Amino acid sequence: RKEVEQDPGPFNVPEGATVAFNCTYSNSASQSFFWYRQDCRKEPKLLMSVYSSGNEDGRFTAQLNRASQYISLLIRDSKLSDSATYLCVVKDNNDMRFGAGTRLTVKP
Amino acid sequence: SAVISQKPSRDICQRGTSLTIQCQVDSQVTMMFWYRQQPGQSLTLIATANQGSEATYESGFVIDKFPISRPNLTFSTLTVSNLSPEDSSIYLCSVSSWVGDYGYTFGSGTRLTVV
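Attention here is on the structure that accompanies the text. (Residues numbered from 1 in each chain as written. Chains lettered and ligands numbered in written order. Predicted model: local features only at pLDDT ≥ 70, side-chain atom pairs only at ≥ 80, totals over all residues. Heavy atoms only, no water.)

**Examining the interface of chain A and chain B**
The extent of an interface is frequently quoted as the accessible surface area lost upon association of the parts.
Then, in step 1: Each partner contributes residues to the interface: chain A has 19 residues there, and chain B has 21 residues.
Then, in step 2: For the pair chain A and chain B, the two sides together bury roughly 1,600 Å², of which 49% comes from carbon and sulfur.
Then, in step 3: Summed over the shared surface of chain A and chain B, the result is one salt bridge.
Then, in step 4: In this structure, the salt-bridge partner of E58(B) is R97(A), at a minimum N-O distance of 3.7 Å.
Then, in step 5: Linking chain A to chain B there are three residue pairs in polar contact (both at pLDDT 80 or more).
Then, in step 6: Elements supplying a minimum of two residues to the side of chain A that touches chain B: strand 4 (32–38), strand 5 (45–50), strand 9 (84–92) and strand 10 (95–98) of chain A. (Contact = heavy atoms within 4.5 Å. Buried area = accessible area lost by both parts, 1.4 Å probe. Salt bridge = Lys/Arg side-chain N within 4 Å of Asp/Glu carboxyl O. Polar contact = N/O pair within 3.5 Å; in protein donor to acceptor, adjacent residues only side chain to side chain. Helix = DSSP H or I, 4+ residues; strand = E, 2+ residues; numbered from the N terminus.)

**Concerning the side chain of N55(A)**
Residue and element names in this part refer to chain A.
Then, in step 1: Position of N55 relative to the elements: it lies in strand 6 (residues 55–57).
Then, in step 2: Assessed through its relative accessible area of 14%, N55 is described here as buried.
Then, in step 3: Of the polar contacts made by the side chain of N55, one reaches the backbone oxygen of S49; its length is 2.7 Å.
Then, in step 4: One polar contact links the side chain of N55 to the main-chain amide nitrogen of Y51, over a distance of 3.0 Å.
Then, in step 5: Dropping the residues within four chain positions of it, N55 is found in contact with M48, S49, V50, F60, T61 and A62. (Buried < 20%, exposed > 50% of the residue type's maximum accessible area, 1.4 Å probe, protein only.)

**Notes on unusual backbone geometry**
Then, in step 1: Note that the residue after K7(B), namely P8(B), is joined by a cis bond; omega there is -10°.
Then, in step 2: The backbone phi angle of R41(A) is positive, close to 65°, even though this residue is not glycine.
Then, in step 3: Examined against the element boundaries, R41(A) turns out to sit in the loop between strand 4 and strand 5.
Then, in step 4: Residue Q69(A) is not a glycine yet carries a positive backbone phi of 55°.
Then, in step 5: If you trace the backbone, Q69(A) turns up in the loop between strand 7 (60–65) and strand 8 (70–75).
Then, in step 6: Classification of Q69(A) by relative accessible area gives buried; the value is 16%.

**Let's talk about the pairing of strand 7 (residues 68–72) of chain B**
When a strand is regular, its side chains alternate between the sheet's two faces.
All names here are of chain B.
Then, in step 1: Pairing of strand 7 with strand 8 (residues 75–80), which is carried by three bridges, proceeds in the antiparallel orientation. In the strand pairing of strand 8, I68 is matched with L78.
Then, in step 2: Hairpin connection from strand 7 to strand 8: two residues lie between these consecutive antiparallel strands. (Pairing = 2+ DSSP bridges.)

**Looking at the state of the cysteines**
Residues and elements named next belong to chain A.
Then, in step 1: All told, the structure shown has two disulfides over all chains when counted by the stated rule.
Then, in step 2: Through a disulfide, C23 is tied to C88; the S-S separation comes to 2.0 Å. Looking along the S-S bond of the C23-C88 disulfide, the torsion reads about -75°, which is the left-handed sense. Here the residue C23 occupies a position in strand 3 (residues 19–25), and C88 occupies one in strand 9, the gap between them amounting to 65 residues.
Then, in step 3: Judged by its relative accessible area of 1%, C23 falls in the buried class. (Disulfide = S-S within 2.5 Å.)

**Notes on the side chain of R36(B)**
Then, in step 1: Mapping R36(B) onto the fold places it in strand 4 (residues 31–37).
Then, in step 2: It turns out R36(B) is buried and unbridged, and the closest side chain with the opposite charge, D87(B), is 4.7 Å from it. (Lys, Arg positive; Asp, Glu negative; His and termini not counted.)

**Side note on the packing of aromatic side chains**
All names here are of chain A.
Then, in step 1: Tallied over the full model, the rule gives 11 aromatic pairs over all chains.
Then, in step 2: Considering the side-chain rings of F21 and Y86, the 5.3 Å spacing of their centres and the 40° angle between planes classify their relative orientation as tilted. In this pair, F21 is assigned in strand 3 and Y86 in strand 9, connecting sequence segments 65 residues apart.
Then, in step 3: Residue class for Y86 comes out buried when judged on its relative accessible area of 0%. (Phe/Tyr/Trp six-rings, centres within 6.5 Å; stacked < 30°, edge-to-face > 60°.)

**Thoughts on the sheet that holds strand 3 (residues 19–25) of chain B**
All names here are of chain B.
Then, in step 1: The strand order 1-3-8-7 describes an open sheet built from four strands, whose pairing is antiparallel. At either margin of the open sheet sits one strand with a lone partner, and together these are strand 1 (4–7) and strand 7. The mean inter-strand angle of the sheet, taken between neighbouring strand axes irrespective of direction, is 15°. (Axes fitted to C-alpha atoms, helices over the stretch in contact; angles between N-to-C directions.)

Structure (structure tokens):
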């Protein structure tokens, strides 16, 4: 079993749609959780951390369920500029474990 | 958060040669990390570069193939040795950032093509 598993994608959605990505992780002792965004031919950039209480940043909402070892990212009112690959990342001590990423394409 | 300058941004190398990648950080950081991202894949940790001691390598990566230097708290190099086409990949350095609950900040990456 992979340490971090994500929806395989790709997701192709129209502008304005709501899209959700899911991620599961295998290490129940994992400490921190993140969503990163990676544009084509660019480095990953931190989108948001994920907290147990759930957290929101504008159109983006992240949730964590420690009991189910499950992380989600919800994007509302999708924009063309949201097109990217979204990486689920789990941190164990100082080790960051990356999911394979889910590619999102938002179309006009 | 830290700003990382990674060089070169890309290179095309012959089989059997080596490429050294440099990362310079604008602040002192305890640990720097080197990742590989193969085409269409996610990131795989190669090693953790520690200042004043040898790098710590992940399973499947060895010092002879990927020697790392960490002469001070702001700089590190990764060398990919004895290149083969299978080494064609993107290599990224990263550091732990004070932004966002200690997520990592990445350099802009080095795209290596071995011919």
